[in-house]
Amino acid sequence: ELSSTLATSSDINELLEKNLDVVNTMESRLVENQKRLYGVGLEKNNLDSQGRMLAERLGEFEAKVAADAAKEKSVRERIDALFVDIDRKKKSLEEFSGRIGEIDRNIGEFEESVRRADDRIKENGRNIGALELENHRLEEQDEALRNDLRGLTDTIVDQLERRLKESGYSYQERARMEGKLTTLMESLRIHLEGRKKLAEDALAVSGGSEKDLRKALESSAAALREILDRLGVVGALLENYKKSTPSFIDEFLAPEGIITRKREIDERIAAVRGGIKRNRENILALRKENASLTQKIDEYRKTLEDLRLNRVRLKTQASGVQDAVAMLERERAGQEKILKETSDEILRGRERIDDVNRRKAELDEKRKNLIESEKAIQKELTGLEASISARNKELVVQEKKLKEQ
C-alpha cells in the first residue's frame, strides 16, 4: 500500500511538474503577448499621433489650397476685368488714332489751302506789278498821244482857218441855204402828199368813170409839173449849197487826211485809256481777291491753330490712355504670374494632400492591422489567462492530492 501510494505520489508529482512547466510556458507566452500587446499599443498610439499630425497637416494643406483657389479665382476675375479694360482702352486708342488721323488730314488740307492761297496772292502781286508797269507804259503812251493830238488839233485849226479864209466860206450863208433846202423839201413832201390824197379821193368818188379818171390824171400831171419846177429850184439851191461848202473838207476827211489821222490818234488814245481802265479794274479785282485770300488765310491759320491744339490735346489723351494700357498690361502680366504661381502652389498643395492622404491611408491600414493584431493578441491573452487559470486550479488540486498522498 505504501509503495502504491508512493507510486501515485510520484505520478502526481510528475504531472504537477509537467503542469508547472506548461504553466510557466504559458506564463512566458502570456508575458510575451503582453509585451507584444504593449508594443502594439505603443505603435498604435504612435500611429494615432502620426494620424493626428497628418490630419492637422491635411487640414492646413486643404485650407491653403482653398485659400489659393479663392485667390486663383480672384486673380482670374481680375485678369478678365483687366482684359476687358485693356480691350476698351485699346478701342478708345483706335478712336483717338482715327480722330487724330482725320485732324492730320484736315491740317494737311488747310495747309495746302494756305499754300495755294499764298501762291495765288504772290501770283496776283506779280500780275499787279506787271499791270502797274503796263499802265505806266500806257500812261506814257497816252501822254505822248495827247501831245500828238494837241499838235494835230492845232494844225487842223490852223489849216481850217486858213483854207476857210481862202475859200470865202460863210457859216451864215451855208445855214441860210440849208434852211431854204429844208423848207423847200418839206413843201414838196406836203404838196405830193396832198396831190396823192386828192387823186385817191377822186378815184374813190368817180367809181372808175373815164371822165373822172381823166380829170385825176390831168390834176396829177399838173402836180408833177409843179414838182418838177420846184425840183429845178432845189437843184439850183443844191448847186449853190455845194459851192458854199469848202472842197478842202474832203481832203480833211480823206483816208490819208488830217481828220483821219486825228481819228486814228483818238482811237489809239481811247484804246490806251481803255487798256489803262481795264488794267486798273484788274488791279482792283486782284487786290480785292488778295484781301479776300488774306482773310481766308487768317481764317485757315486760326482753324489750323485750333486743329493743332486739338491734335495736341488728343495726343495727350491718347498718350494717357496708352500709359494706362501699358500699366494694365504690366498689371495683367503680374496677375498672370501670380496666377501661375498660385496654380502651381495649388498643384503642389493638392500633391501634398494626395501624399498626406496616401500616408494617412497607409497609417489607417497599419492601424487596422495593429488593431487586428491587438485583437488577436488580446484573444490569445484571454485564452492563455483562462488556460493558466485552469492549469493553476488543476495544480492546486494536484498539490492538494500530493499533500494528501
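Note that this is a predicted model, so its numbers are computed, not measured.

### Some details on the overall build of the protein
Alright, step 1. When its secondary structure is counted, the protein shows 5 helices and 0 strands.
Alright, step 2. Along the protein, helices and strands appear, N-terminal first, in the series α-α-α-α-α.
Alright, step 3. Across the 405 residues in the protein, those meeting the buried criterion constitute 26%.
Alright, step 4. Of the contacts formed within the protein by residues at least 6 apart in sequence, a portion of 94% connects residues at least 24 apart.
Alright, step 5. A total accessible area of about 27,400 Å² is found for the protein, and carbon and sulfur atoms account for 53% of it.

### Regarding the side chain of Asn290
Alright, step 1. For Asn290, the location among the structural elements is in helix α5 (residues 258–404).
Alright, step 2. Setting aside residues no more than four positions away along its own chain, Asn290 makes contact with Arg120, Ile121, Asn124, Gly125 and Ile128.

### A short note on the side chain of Asp142
Alright, step 1. Relative to the helices and strands, Asp142 resides in helix α1 (residues 2–167).
Alright, step 2. Judged by its relative accessible area of 6%, Asp142 falls in the buried class.
Alright, step 3. One polar contact links Asp142 to Arg273, side chain to side chain, over a distance of 3.2 Å.
Alright, step 4. Sequence-distant contacts of Asp142, that is, excluding residues within four places in its chain, are made with Ile269, Val272 and Arg273.

### Some remarks on a negative patch on the surface
Alright, step 1. A cluster of acidic residues, Asp11, Glu14, Glu17 and Asp21, forms a negative patch at the surface.
Alright, step 2. Its location among the elements puts Asp11 in helix α1.

### Focus on the pattern of salt bridges
Alright, step 1. A complete count under the given rule lists 31 salt bridges for this structure.
Alright, step 2. Salt bridges sharing common partners tie together Lys64, Asp68, Glu345, Arg348 and Arg352.

### Observations regarding the environment of Val356
Alright, step 1. Relative to the assigned elements, Val356 resides in helix α5.
Alright, step 2. Placed 295 residues apart in sequence, Val356 and Phe61 show a C-alpha to C-alpha distance of 9.1 Å.
Alright, step 3. For Val356, the contacting residues outside a window of four places in its chain are Leu54, Leu58 and Phe61.

### Comments concerning the environment of Leu58
Alright, step 1. Positionally, Leu58 belongs in helix α1.
Alright, step 2. Remark: the alpha-carbon pair of Leu58 and Asn357, spanning 299 residues in sequence, is separated by 7.6 Å.
Alright, step 3. When residues no more than four places from it in sequence are discounted, the contact partners of Leu58 are Ile353, Val356 and Asn357.

### A look at the nonpolar core
Alright, step 1. The biggest cluster of nonpolar side chains holds 21 residues, and the ones touching the most others in it are Leu30, Ile353, Val356, Ile377, Leu381 and Ile388.
Alright, step 2. Those elements that provide at least two residues to this core are α1 and α5.
Alright, step 3. Of all the elements, α1 adds the most residues to this core, at 11 residues.
Alright, step 4. Apart from the residues lying within four places of it in its own chain, the contact partners of Ile388 are Val23, Met26, Glu27 and Leu30.

### Things to note about the confidence of the model for the protein
Alright, step 1. Averaged over all residues, the pLDDT of the protein is 79; the fraction at 70 or higher stands at 72%.
Alright, step 2. Here helix α4 (residues 248–253) stands out as the least confident element of the protein, with mean pLDDT 49; α5 is the most confident, with 87.

### Some remarks on the environment of Ser292
Alright, step 1. Examined against the element boundaries, Ser292 turns out to sit in helix α5.
Alright, step 2. Residue classification places Ser292 among the partly exposed positions, given a relative accessible area of 34%.
Alright, step 3. As for Ser292 and Ala117, which are separated by 175 residues in sequence, their C-alpha atoms are 9.7 Å apart.

What counts as what
- Residues numbered from 1 in each chain as written.
- Predicted model: local features only at pLDDT ≥ 70, side-chain atom pairs only at ≥ 80, totals over all residues.
- Heavy atoms only, no water.
- Helix = DSSP H or I, 4+ residues; strand = E, 2+ residues; numbered from the N terminus.
- Buried < 20%, exposed > 50% of the residue type's maximum accessible area, 1.4 Å probe, protein only.
- Contact = heavy atoms within 4.5 Å.
- Areas by Shrake-Rupley, 256 points an atom, 1.4 Å probe, with all protein chains shown as cover.
- Polar contact = N/O pair within 3.5 Å; in protein donor to acceptor, adjacent residues only side chain to side chain.
- Patch = residues over 30% accessible without salt bridge, like charges linked within 9 Å, V, L, I, M, F, W, Y side chains within 5 Å.
- Salt bridge = Lys/Arg side-chain N within 4 Å of Asp/Glu carboxyl O.
- Lys, Arg positive; Asp, Glu negative; His and termini not counted.
- Charge placed at Lys NZ, Arg CZ, Asp CG, Glu CD.
- Core = buried A, V, L, I, M, F, W, Y, C linked by side-chain atoms within 4.5 Å.
- pLDDT = per-residue confidence, 0-100.

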